[in-house]
Amino acid sequence: MIAGCYTDDGELVIVGRTVVLTAAQSAELGAVLKPARHGHPWPDGISSQRWGGRDARKPLTKVEPLVVIDVLADAAMQAGQWRHGLRYARHRPDLTPDDVPTLAAPAAT
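Residues numbered from 1 in each chain as written. Predicted model: local features only at pLDDT ≥ 70, side-chain atom pairs only at ≥ 80, totals over all residues. Heavy atoms only, no water.

Some details on the environment of Lys 62
Thought 1: Tracing the chain through its elements places Lys 62 in the loop between strand E4 (57–59) and strand E5 (69–72).
Thought 2: In the structure, Lys 62 is positioned 27 residues away from Pro 35 in sequence and 6.4 Å away in space, judged by C-alpha atoms.
Thought 3: Contact partners of Lys 62, with chain neighbours within four places excluded, come to Pro 35, Ala 36, His 40, Trp 42, Pro 43 and Asp 44.
Thought 4: Within the local environment of Lys 62, its side chain forms a polar contact with the side chain of Asp 44, the two groups lying 2.7 Å apart. (Helix = DSSP H or I, 4+ residues; strand = E, 2+ residues; numbered from the N terminus. Contact = heavy atoms within 4.5 Å. Polar contact = N/O pair within 3.5 Å; in protein donor to acceptor, adjacent residues only side chain to side chain.)

Spelled out as structure tokens, the structure:
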């Protein structure tokens, strides 16, 4: 699963990816995820080279960015993204994306 977070200016950015989910985790998330509506800001595919992989572009199944989850992550970050796989901990139905701290907007170049 690809993880995202909103910036201070409202942009939804990719911040990492999880390790492979268990069947139970997949079922838990599958029950709450909704297909993305037209205009989702992310690409239709992503390269795993972003995280050190060697394979080609993989398709993304985009969903509405409404579900908040807790993840376990190490401190290794590069260009605003976790370098290593995030570990899914739990779904947080008590939170909305508005409850999650935003990231500083990327500096203009």
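So, next bit.
A closer look at the pairing of strand E2 (residues 12–17)
Thought 1: For E2, the buried fraction is high: five of the six residues fall into the buried class.
Thought 2: Relative to E2, strand E1 (residues 2–6) is paired through five bridges, and the arrangement is antiparallel. Bridge pairing in E2 places Ile 2 opposite Arg 17.
Thought 3: With antiparallel pairing between neighbouring strands as the criterion, E1 and E2 make up a hairpin whose turn holds five residues, including Gly 10 at a positive phi of roughly 90°. (Buried < 20%, exposed > 50% of the residue type's maximum accessible area, 1.4 Å probe, protein only. Pairing = 2+ DSSP bridges.)

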